[in-house]
Amino acid sequence: MTDSARSPGRAELTRFLRSRRERVRPEDVGLPSGSRRRTPGLRREELARLADVGVSGYTWLEQGRDIHVSEPLLERLVAAPRLTLTERLHIFELAHGLPAPRAVSAPDSVSGVLPWLLDAHPCPALISTRRWDLIAWNAAATVLYSDLARPAPGGRNALWELFMNPDRRASMPTWAQAVRRAVAGFRLDAARAADRSGFDALVEKLQAASPEFARLWSEHDVVETSSMLKVILLSEPGPIEFENVTLTYSEPDGRELRVSFHAPRPGPHLERARKLFPRP
């Protein structure tokens, strides 16, 4: 452990840790409140005990000393004062200068501004979890992917649909390129997850069900999948080339959703899309 000039991030971490500690009421974490407390919140030694860290080590951390802070220690410092998911992400970024692994869990439905955003988009738009489980879509998406309108008791997953839905495969002349990119993007998202057990379970099912997926997964490719060209074959009005752009939406509690928009390419593809998705 060394003591050196504090970096801006470490100095901000110092102030943030102290502010969170001072906001925690002892009774909220199972400690007696007492009547002789001269400072608000928890004492340093109390938080250190809750986080299973030495008092001197935690004190040095709050003092901003340049000491190594492991991920397990940060997770305990998040859990002890019961910080929010957003506060967890903030602590990791301050301590390591890198984003924390993201939680995979997400609600089964969406609220707030997202439904309006979907409905305002004239072409297909979908919302999925970080594991690519589809949870919402607009009316245009059901025109392009008619199976979305049918119940799916087991849930829907975009990666599973790519490999296991024959209608989806038949409608995509660039299917081979699309699935290769999708598998590489899914691997990257799995590596970034705080808990990848859900990713691994899906991978195991797909490996057993699809030799093509198993082959691509074994190649260990990774790629960012924020945008990709998607060609959809339709009997009427004809093939349409879409730019499929996926954006990240962070919920107030720190969880993330993927919002994907289909935008037809200019020219004949745009004209065909206007016939397929007429605006009211």
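Small disclaimer: the values here were computed from a predicted structure and weren't measured.

Q: How should the confidence of the model for the chain be read in this particular structure?
A: Atomic detail in the predicted coordinates should be set aside for any region of low pLDDT. Averaged over all residues, the pLDDT of the chain is 86; the fraction at 70 or higher stands at 91%. Within the model, pLDDT remains below 50 along residues 1-5, and this stretch shows 7 contacts once partners closer than five positions in the same chain are excluded.

Q: Got a minute to help me understand the pairing of strand E2 (residues 133-137) in this structure?
A: Taken residue by residue, a regular strand's side chains alternate between the two faces of the sheet. Burial of E2 is extensive: 4 of the 5 residues sit out of reach of the surface. Pairing analysis gives 3 bridges linking strand E1 (residues 125-128) to E2, with the strands arranged antiparallel. Within the sheet, the bridge partner assigned to Leu126 lies in E2 and is Trp137. Hairpin connection, E1 to E2: the antiparallel pair is bridged by 4 residues, and Trp132 has positive phi, about 70°. Two elements, E2 and strand E3 (residues 156-157), share 2 bridges in a ladder whose sense is antiparallel. Among the inter-strand pairings, Asp133 is bridged to a residue of E3, identified as Asn157.

Q: Mind showing me how you'd approach the environment of Leu13 here?
A: Inspection of the secondary structure assignment puts Leu13 in helix H1 (residues 8-23). Each C-alpha atom, one on Leu13 and one on Leu61, is 8.5 Å from the other, the two residues being 48 residues apart in sequence. Here Leu13 is in contact with Leu61, Ile91, Leu94 and Ala95, once residues within four sequence places are set aside.

Q: Where do I start with the pairing of strand E6 (residues 256-264) in this structure?
A: The buried fraction of E6 is high, at 8 of 9 residues. Here 4 bridges tie E1 to E6, and the two strands are oriented antiparallel to one another. The residue bridging Ile127 from the neighbouring strand is Val259, located in E6. One ladder, built from 9 bridges, connects strand E5 (residues 240-250) with E6; its direction is antiparallel. The residue of E6 that forms the bridge with Glu243 is Ala263.

Basis of the calculations
- Residues numbered from 1 in each chain as written.
- Predicted model: local features only at pLDDT ≥ 70, side-chain atom pairs only at ≥ 80, totals over all residues.
- Heavy atoms only, no water.
- pLDDT = per-residue confidence, 0-100.
- Contact = heavy atoms within 4.5 Å.
- Buried < 20%, exposed > 50% of the residue type's maximum accessible area, 1.4 Å probe, protein only.
- Helix = DSSP H or I, 4+ residues; strand = E, 2+ residues; numbered from the N terminus.
- Pairing = 2+ DSSP bridges.

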